[in-house]
Amino acid sequence: MVHRRLGPSGAALALAALVLLAPAGAAGQGNGGDGWTVPQTPWGDPDLQGIWTTDWERSVPFERPVELGERADLSAEEIAARAERESILLADNKEDRNRRPDDPEAGPEHWYEFGDRTSPRTSLIVDPPDGRVPPLTLGARSRYIDPSSRLGFVGGSMGDGPFDGPEDLHLADRCITRGLPQTWYPSAYNNGFQIIQSPGYVALLYERLHEHRIIPLDGRDPLTPAIGQWFGDSRGRWEGDTLVVEVTNFSDRTNFRGAGATRRLIERYTRVDAETVRVEITIDDPTTWTRPWTTVVNGIHDPDYWQVFEYACHEGNYGMRNILSAARNLEKQAAERAAAEGGR
């Protein structure tokens, strides 16, 4: 799939018009060590604003390898090995292909966006302590999941088809949504997100797949359960220096690892120091998993990652068109072979 990055996205401009991007004001009560305190907006909320990137956690696996048990961090030797792997992936395409011609992961530099540091984390999942997704319930193990409802990059263009029409490809292939919580997890590129605040609202813009959210903080009631949305319905509140957001009302046309409209998320956003915002996401669906579970991503401020660019997914969605046209060509070839064999 080809994406043209031409300039600031329309979503970014719309968000800027809806909410006021304000500079940091006086310090708050939280302390990140070394005398640093959480900054506040002019109206007194903890200041989470800025452009952040999770590029540096791209190499962190979603689930922890079983052999690492409950170990949350790599050893110094393991971190060095991960850093070496990242440097190989960042090598020039020609050099990379010459050195590893049979490695499917070899590719041009612009395919791979890593940060300037290497994360020591062993998994994005932090709870359960083993860093693994909890077991599915009996009902979830027997549940049929429509492949087109999957979020992220499971199935769809990565599957075996059939590819009879656009609806056979998953939502990200169709440039509709990566969904929640999937959009938080770092992938090959475009791992930036922007937080904008105004009195009573927090807005989020994700660089990947043109997605954005506007979260009210005024204590309003959630939407009626009859209304489902791609990104669910978000309601936020402050608990000390942490923004807590409860997300419900997911569309039944989306599915994350077996959980559909019945999933519920609790997100916690915290400035842990001047350069880092921690995003903790607890995923709860008792109809799907035997217990709630939690992931964490850490967005950092990178001076080189100063702007969220347009993600022109629909305009450059050649991948879906090519998948469908290739399927039609294979069908044509099969029909021609059958006709030829029938005429013998």
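Because the structure is a prediction, the values reported are computed rather than measured. (Residues numbered from 1 in each chain as written. Predicted model: local features only at pLDDT ≥ 70, side-chain atom pairs only at ≥ 80, totals over all residues. Heavy atoms only, no water.)

Draft legend 1. Summary view of the state of the cysteines. Counted by the stated rule, this structure contains one disulfide. Residue pairing for Cys175: its cysteine sulfur links by disulfide to Cys313, the two sulfurs lying 1.9 Å apart. Its torsion about the S-S bond being -70°, the disulfide of Cys175 and Cys313 is classed as left-handed. Here the residue Cys175 occupies a position in the loop between helix H4 (138-141) and strand S5 (192-198), and Cys313 occupies one in the loop between strand S12 (293-300) and helix H5 (318-342), the gap between them amounting to 138 residues. (Disulfide = S-S within 2.5 Å. Helix = DSSP H or I, 4+ residues; strand = E, 2+ residues; numbered from the N terminus.)

Draft legend 2. Molecular detail of the nonpolar core. Among the nonpolar cores identified, the biggest contains 35 residues, and Trp184 and Tyr185 are the most heavily contacted of them. Mapped onto this core, the elements with two or more residues apiece are S5, strand S6 (201-206), strand S9 (242-248), strand S10 (264-273), strand S11 (276-284) and S12. Element by element, the count of residues in this core is highest for S11, at four residues. The contact partners of Tyr185, leaving out residues within four places of it in the chain, are Phe62, Leu124, Arg178, Phe256, Ile281, Ile283, Thr295 and Val297. (Core = buried A, V, L, I, M, F, W, Y, C linked by side-chain atoms within 4.5 Å. Buried < 20%, exposed > 50% of the residue type's maximum accessible area, 1.4 Å probe, protein only. Contact = heavy atoms within 4.5 Å.)

Draft legend 3. Structural view of the pattern of salt bridges. Enumeration over the complete set of coordinates arrives at 14 salt bridges. A salt bridge links Glu57 to Arg121; its shortest N-O distance comes to 3.0 Å. Remark: Arg121 occurs in the loop between helix H3 (93-99) and strand S4 (125-127) and Glu57 occurs in the loop between strand S3 (50-53) and helix H2 (76-89); sequence separation between them is 64 residues. Since its relative accessible area comes to 11%, Arg121 is described here as buried. Residue Arg71 pairs with Glu78 through a salt bridge whose shortest N-O separation is 2.9 Å. A relative accessible area of 28% means that Glu78 is categorised as partly exposed. (Salt bridge = Lys/Arg side-chain N within 4 Å of Asp/Glu carboxyl O.)

Draft legend 4. Here's a closer look at H5. A rise of 1.5 Å per residue sets the reference length of H5, with its 25 residues, at 36 Å; its end C-alpha atoms lie 36 Å apart and thus fit the reference within 8%. Turning to H5, its buried residues are Gly319, Met320, Leu324 and Ala327. (Expected span 1.5 Å × (residues − 1).)

Draft legend 5. Fine view of the environment of Gly179. For Gly179, the position within the fold is in the loop between H4 and S5. Judged by relative accessible area, which is 0%, Gly179 ranks as buried. For the pair Gly179 and Phe231, spaced 52 residues apart in the sequence, the C-alpha separation amounts to 5.8 Å. The contact partners of Gly179, leaving out residues within four places of it in the chain, are Leu151, Glu211 and Phe231.

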